[in-house]
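# Summary of structural features
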Amino acid sequence: MKIKSQKDFFSGLMFMGVGVAFAWGATNYTVGTGARMGPGYFPLMLGIVMAVIGMLITFFALTVETVDGAKIGKWAWKPVGYILGANFAFGVLLGGLPSVGIPAMGMIIAIYALVLISSLAGSEFDLKAVLVLATVLAIGSYVAFIWALKLQIQVWPTFITG
Amino acid sequence: MDLIANLSLGFGVAFTPINLLYCLLGCILGTLIGVLPGIGPVATIAMLLPATYALPPVSALIMLAGIYYGAQYGGSTTAILVNLPGESSSVVTVIDGYQMARKGRAGPALAAAGLGSFFAGSVGTLILAAFAPPLTEVAFKFGPAEYFSLMILGLIGAVVLASGSLLKAIAMIVLGLLLGLVGTDVNSGVARFSFDIPELTDGIGFVAIAMGVFGYGEIIANLAQPEDEREVFTGKVHGLFPTKEDFKRMTPAVLRGTALGAALGILPGGGALLAAFAAYTIEKKTKLHPGEVPFGQGNIRGVAAPESANNAGAQTSFIPLLTLGIPPNAVMALMVGAMTIHNIQPGPQVMTSNPELFWGLIASMWIGNAMLVILNLPLIGMWIKLLTVPYKYLFPSIVLFCAIGVYSTNNNTFDIWMVGAFGFIGYVFYKLGCEPAPLLLGFILGPMMEENLRRALLLSRGDWSVFVTRPLSAGLLAAAALLLVIVLLPAVKNKREEAFVED
């Protein structure tokens, strides 16, 4: 058995897995009957439908010939890591993590962190240019979100504002 | 006449200085983001949505509509000047538009796109105003069974018209429907699939999904590709206005494109995209005049027709949304989300309960289109400057706007974690070749579909035949089945694949 389309094969598996997971999760809720649908009825139905479609996709991926094998190719872990890392750092700095005792540092510091980390995802990294960009974005965000739109966002660290 | 009275009510609302200002602001912001390569209208609207939270509902929707048109116009500018379609519906504009730019005729190409879009937009607005009231009447006759069947038709239409694998698109819709069910079930109060996370009992935020999948996912995918040499025609835009010859050629193309776009836009599914493809195909089939540049080498008709078609389609795709409350594509799904945030339940009742909102929105669409022509043609130099901004400055800014935007929806960092998670999921979809737009559509329709299915079966006491015994519902389901059969016919199947890999 040879995989004819890698993309389809793995997306089929993904849909099957997620479908089964949703259907199985739905059985924890009351399923009920058509006339008296419980909260589990619709998700159970959809989960089964999705698992069946997933099976079909996997089946066709094994049987229908493609030109280049529809390879998935390399995963770009570098941009994934830095972009998601920048996002995570922004969240932690902006709101803090009370559960582990990290205080909120506010929007300005969070912006610098986000711009610095996410810039590492690109092909070149010029610290000076990145700092300029971060400063511009920090000022811009302050003007747009805090001053003009009056969003309720903490701007400075808690230990400064008290 | 009702139409005139309604429109004048609408213009009365839209022509207040404050709403004009928001409309203008929306157009500028939309164009600004839409011009940037690699960001489509869905990501643009999702990103700018939080900016409208603080506004009154009418102004917010007017601004969003402005953002939408702006993003569309911006997309065509990018297509012509950089050979990069900013969004899927300008894919065909790239073919002839870019060739025109290479020949130093970027100005006329941009003008043809702008003027064609404006004309198409005006016609689309009139059609919308004329057809909305009668369709609303029909909508009031709809029971839950009809609504359910209509949504099936809409979802099938969306996948049939999408590019790529049909099965995968259907699977993405089902996944969207399932994600839409996460959270508290309105009937039983049970928190479904929430893993005891309090934030999830309210459901997954659709802003987080849209920004994650369309914003972060696309950025990661873009960064993963080696930066290719992009040729930007910046200095070469002079002589903005088309010649008399150009006008003669593009006028019939604009008319054909508008008619086609307006008709296809009402259909459920990717109205604007299909309209653009179909319009280009038709132009290609018509005979070339003597001395005319062949298609694919910079024919002005190849720019004017698809651009008018996609704008007319964009306009008329508001019809199903405003009359039935059912979004026909991913952008409209975002509009539903925006309306719900402002406590407006989209549907036939909007026209009667909020006439000033309904007609104000329609009038502002026309005003928005006019503003865009005024904005885009003289200010084109400014947008071109934006195109020269390197991607290394753009993507951190986009990540930042997404993160701040999603945080401001609930002032809760949980949404930031969600947008990150969906960013990763979006990249996985990209790698596996799964088109994400149907997912968003399913996500919005999920709860609506369940509610209507539940009600329909409750009324019929669990008898599933209710969907085929009620004539309207049966007709809608038959239409959906017909669509599927047509697409699966071998002859059409090959044509469809051909159409989406055009050059």
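This structure is a prediction, so every number in the text was calculated from the model and none was measured.

Rules and cut-offs
- Residues numbered from 1 in each chain as written.
- Chains lettered and ligands numbered in written order.
- Predicted model: local features only at pLDDT ≥ 70, side-chain atom pairs only at ≥ 80, totals over all residues.
- Helix = DSSP H or I, 4+ residues; strand = E, 2+ residues; numbered from the N terminus.
- Rg over C-alpha atoms; globule rule 2.2 N^0.38 Å.
- Buried ≥ 20, exposed ≤ 12 C-beta atoms within 10 Å, placed from the backbone.
- Contact = placed C-beta atoms within 7 Å.
- Expected span 1.5 Å × (residues − 1).
- pLDDT = per-residue confidence, 0-100.
- Domains from an automatic or database assignment.
- Axes fitted to C-alpha atoms, helices over the stretch in contact; angles between N-to-C directions.
- Left-handed = near helix turned anticlockwise from the far one by under 90°.
- Nonpolar A, V, L, I, M, F, W, Y, C, P; charged D, E, K, R; others polar.
- Core = buried A, V, L, I, M, F, W, Y, C linked by C-beta atoms within 7 Å.
- Parallel < 35°, antiparallel > 145°, perpendicular 65-115°, else oblique.

## Brief notes about the overall build of chain B
Within chain B, the regular secondary structure consists of 23 helices and two strands. In terms of overall dimensions, chain B is globule-like: its C-alpha atoms have a radius of gyration of 22 Å, near the 23 Å expected for 503 residues. For chain B, the spread of C-alpha atoms along the principal axes amounts to about 70 × 55 × 50 Å. The burial tally for chain B puts 60% of its 503 residues in the buried class. Restricting to contacts in chain B with at least 6 residues of sequence separation, those with at least 24 account for 80%.

## Re the overall build of chain A
Secondary structure assignment for chain A yields six helices and zero strands. Taken over the C-alpha trace, chain A has a radius of gyration of 24 Å; the compact-globule value for 162 residues is 15 Å, which it surpasses by more than 25%. A principal-axis box enclosing the C-alpha atoms of chain A has dimensions of 60 × 50 × 30 Å. Classification of the 162 residues of chain A by burial places 38% in the buried group. The long-range fraction of contacts in chain A, counting pairs at least 24 apart against all pairs at least 6 apart in sequence, stands at 66%.

## Notes on helix H14 (residues 330-341) of chain B
Residue and element names in this part refer to chain B. Relative to the 16 Å expected for 12 residues at 1.5 Å per residue, H14 spans 17 Å between its end C-alpha atoms, a close match to the ideal helical length. Among the 12 residues of H14, 10 are classified as buried, and the element is accordingly described as predominantly covered. For H14, the full list of buried residues reads Ala330, Val331, Met332, Ala333, Leu334, Met335, Val336, Gly337, Ala338 and Met339. Buried residues along H14 sit against helix H3 (41-48), helix H4 (57-82), helix H9 (206-224), helix H13 (318-324) and helix H20 (437-459). Just beyond H14, the residue with positive phi is Asn343, at close to 65°.

## Quick look at the confidence of the model for chain B
Scored by pLDDT, chain B comes out at a mean of 81, with 90% of its residues at no less than 70. Within chain B, no element has a lower average pLDDT than helix H23 (residues 490-500) of chain B, which sits at 58, and none a higher one than helix H19 (residues 414-432) of chain B, at 92.

## With respect to unusual backbone geometry
All names here are of chain B. With phi around 60°, Asp196 is a residue other than glycine that occupies positive phi space. By the element assignment, Asp196 lies in the loop between strand E2 (191-192) and H9. Residue Asn343 is not a glycine yet carries a positive backbone phi of 65°. Along the chain, Asn343 turns up in the loop between H14 and helix H15 (349-353).

## Description of the interface of chain A and chain B
Contacts between the two partners involve 59 residues from chain A and, on the opposite side, 55 residues from chain B. Sorting the residues of the side of chain A that touches chain B by element identifies helix H1 (6-26), helix H2 (41-63), helix H3 (77-95), helix H4 (107-119) and helix H5 (127-148) of chain A as the ones contributing at least two each. Counting residues per element, the side of chain A that touches chain B draws most heavily on H3(A), which supplies 11 residues.

## Details of H3(B)
The buried count for H3(B) comes to eight of eight residues, which makes it a mostly enclosed element. Inspection of H3(B) places B:Pro41, B:Val42, B:Ala43, B:Thr44, B:Ile45, B:Ala46, B:Met47 and B:Leu48 among the buried residues, and these make up the whole buried set.

## So, the environment of B:Ala60
Residue and element names in this part refer to chain B. Of note, Ala60 is situated in helix H4. Note on Ala60: 23 C-beta atoms within 10 Å, which makes it buried. Separated by 117 residues in the primary sequence, Ala60 and Leu177 have C-alpha atoms spaced 27 Å apart. Apart from residues no more than four positions distant in its own chain, Ala60 is found in contact with Thr52, Leu55, Ala338 and His342.

## Quick look at the domain arrangement of chain A
Segmenting chain A into domains produces domain 1 (6-63) and domain 2 (77-161). Its C-alpha centre places domain 1 of chain A at a distance of 39 Å from the equivalent point of domain 2 of chain A.

## Let's talk about the packing of H4(B) against helix H16 (residues 355-376) of chain B
Residue and element names in this part refer to chain B. At their nearest, the axes of H4 and H16 sit 9 Å apart, and the two run at 35° to each other. Where H4 crosses over H16, the handedness of that crossing is right-handed. Facing Pro57, Val58, Leu61, Ile62, Ala65, Gly66, Tyr69, Gly70 and Tyr73 of H4, the residues of H16 in contact are Glu356, Leu357, Gly360, Leu361, Ser364, Met365, Gly368, Asn369, Leu372 and Asn376. Of the residues assigned to the contact of H4 with H16, the class counts are 11 nonpolar, seven polar and one charged.

## Points about the nonpolar core
Counting 221 residues, the largest nonpolar core has A:Leu114, B:Ile45, B:Ala46, B:Ala210, B:Met211, B:Val399 and B:Ala403 as its most contacted members. With residues near it in sequence (within four places) discarded, B:Ala46 still touches B:Val207, B:Ala210, B:Met211, B:Phe214, B:Gly215 and B:Leu334.

## Considerations on the environment of A:Ala76
Within the secondary structure, A:Ala76 sits in the loop between H2 and H3. Note: C-alpha distance between A:Ala76 and A:Ala121 (45 residues apart in sequence) is 9.9 Å. With sequence-adjacent residues up to four places away left out, A:Ala76 is seen in contact with B:Ile220, B:Leu223 and B:Ala224.

## Observations regarding the packing of H1(A) against H2(A)
Residue and element names in this part refer to chain A. One way to put it is that H1 packs onto H2 with a least axis distance of 7 Å and a crossing angle of 160°. It follows that H1 is roughly antiparallel to H2 by the angle criterion. Seen from above, H1 lies across H2 with left-handed handedness. Looking at side-chain class alone, the contact of H1 with H2 contains 21 nonpolar, six polar and one charged residues.

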